[in-house]
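# Chains, contacts and geometry: an overview
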Amino acid sequence: MVYSKCLLLIIAVFPCVAGNFYQEVDVTWGDGRGQIMDNGNLLALSLDKASGSGFQSKNQYLFGRFDIKIKLVPGNSAGIVTAYYLRSQESLWDEIDFEFLGNLSGQPYIVHTNIYVQGQGDREQQFYLWFDPTADFHTYSFLWNPTHIVWYVDGRPIREFKNMETKGAPYPKTQAMRLYASLWDAEEWATRGGLVKTDWTKAPFTASFRSYNANGCVWSDAASWCGQNSTPWLSEALDSGSQKVLRWVRKKYMIYDYCTDQMRFPQGLPRECTVRTNL
Ligand SMILES: *[C@@H]1O[C@H](CO)[C@@H](O)[C@H](O)[C@H]1NC(C)=O
């Protein structure tokens, strides 16, 4: 566990740093376009016309809290998507997504979120950010425990997906997931529905990652190991202050919510949308 490794480091009087990329992830594709630097503290993914790049966590997890700092592609990033997500291996897979849709210089990125349960997605929410995500590193996190999933930006919850299985809505809780990140070209989809194309004269495009911290129940040999230390995130709920922040983000920065898109679901909104209580 990361936590116990940190404790050992503290005892040895070294600073307790977040996960080192050499230890925590493998750069799995991109033929040299994904690079770990700065003694494992920095990972850069790049994209050019020939290919994007990506990395994945060495471990698989069944529940956890995942944080990473990302500095998104600056300048004209139209058509480029930086994806950061959890996903299982099964053919009817579970997945929890953050995707950052690039834009023309000076135009806002869209933060696209989605969740798949047993291969079924169509649960998008989209947001603008309250800062320029290309000027500096910001922390993007997933909390995934048996009762809810929360997407955080700089510690502020932007989305919550509750476990409402008792009300008939599916929830991902049986498939272990790996963490992935990638930089890819989605010019047919990303910027204004594909109207704005990628400007390849500006390639290569680069996004940078730092301070990866996975605090989860590691899945191995068909069993889950949460460590002997306390795991506060395993039972963590949103307190009233966090619920207030979530309402503020939804009111000021949310631009799309599948739960209000009646046109898309003529047979009726998904179950979790109709039993929502406090939002
Ligand atoms: C890009 O900027 C335009 C204009 O401000 C905005 O409508 C759009 O939502 C932005 N994001 C994307 C990904 O298109």
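Just so you know, these numbers come straight off a predicted model, no measurement behind them. (Residues numbered from 1 in each chain as written. Predicted model: local features only at pLDDT ≥ 70, side-chain atom pairs only at ≥ 80, totals over all residues. Heavy atoms only, no water.)

### Things to note about the site of the ligand
Around the ligand sit Leu101, Gly102, Asn103, Gln107, Pro108, Ile110, Tyr128, Ala190, Thr191 and Arg192, and those are all the residues in its vicinity. Interatomic distance of 2.5 Å between a side-chain N/O atom of Asn103 and an oxygen atom of the ligand. Contact between the ligand and Gln107: an oxygen atom at 2.8 Å from a side-chain N or O atom of the residue. Within the shell around the ligand, the residues separate by chemical class into five nonpolar, four polar and one charged. (Near = heavy atom within 4 Å. Polar contact = N/O pair within 3.5 Å; in protein donor to acceptor, adjacent residues only side chain to side chain. Nonpolar A, V, L, I, M, F, W, Y, C, P; charged D, E, K, R; others polar.)

### Remarks on the nonpolar core
Of all hydrophobic cores here, the largest spans 61 residues; its most connected members are Phe55, Tyr84, Phe98 and Phe209. Those residues in contact with Phe55 that lie beyond four places of it in its chain are Phe21, Val25, Asp26, Val27, Thr28, Leu43, Leu45, Ile68, Leu179, Tyr180, Ala181 and Phe209. (Core = buried A, V, L, I, M, F, W, Y, C linked by side-chain atoms within 4.5 Å. Buried < 20%, exposed > 50% of the residue type's maximum accessible area, 1.4 Å probe, protein only. Contact = heavy atoms within 4.5 Å.)

### Topic: the packing of aromatic side chains
Enumeration over the complete set of coordinates arrives at 20 aromatic pairs. Judged by centre distance (5.6 Å) and plane angle (10 degrees), the rings of Phe98 and Phe100 are stacked. Among the residues examined, Phe98 registers a relative accessible area of 0% and is labelled buried. Residue classification places Phe100 among the buried positions, given a relative accessible area of 0%. (Phe/Tyr/Trp six-rings, centres within 6.5 Å; stacked < 30°, edge-to-face > 60°.)

### Thoughts on the pairing of strand β3 (residues 42–47)
Counting buried positions over the six residues of β3 gives six, a clear majority of the element. Side chains Leu42, Ala44 and Ser46 of β3 all project onto a buried face; the interleaved residues Leu43, Leu45 and Leu47 project onto the opposite face, where all are buried too. Bridge count between strand β2 (residues 34–37) and β3: four bridges; the pairing is antiparallel. Residue Ile36 lies in a different strand from β3, and its bridge partner there is Leu43. A loop of four residues connects β2 with β3, the two strands running antiparallel in sequence, and Asp38 in this loop sits at a positive phi of about 50 degrees. (Helix = DSSP H or I, 4+ residues; strand = E, 2+ residues; numbered from the N terminus. Pairing = 2+ DSSP bridges.)

### A short note on unusual backbone geometry
In this model, Ala203 is joined to Pro204 through a cis peptide bond whose omega is 0 degrees. Considering the arrangement of structural elements, one finds Pro204 in the loop between β12 (177–185) and β13 (205–220). Positive phi, close to 85 degrees, is recorded for Phe63, a residue that is not glycine. The topology assignment puts Phe63 in strand β4 (residues 53–71).

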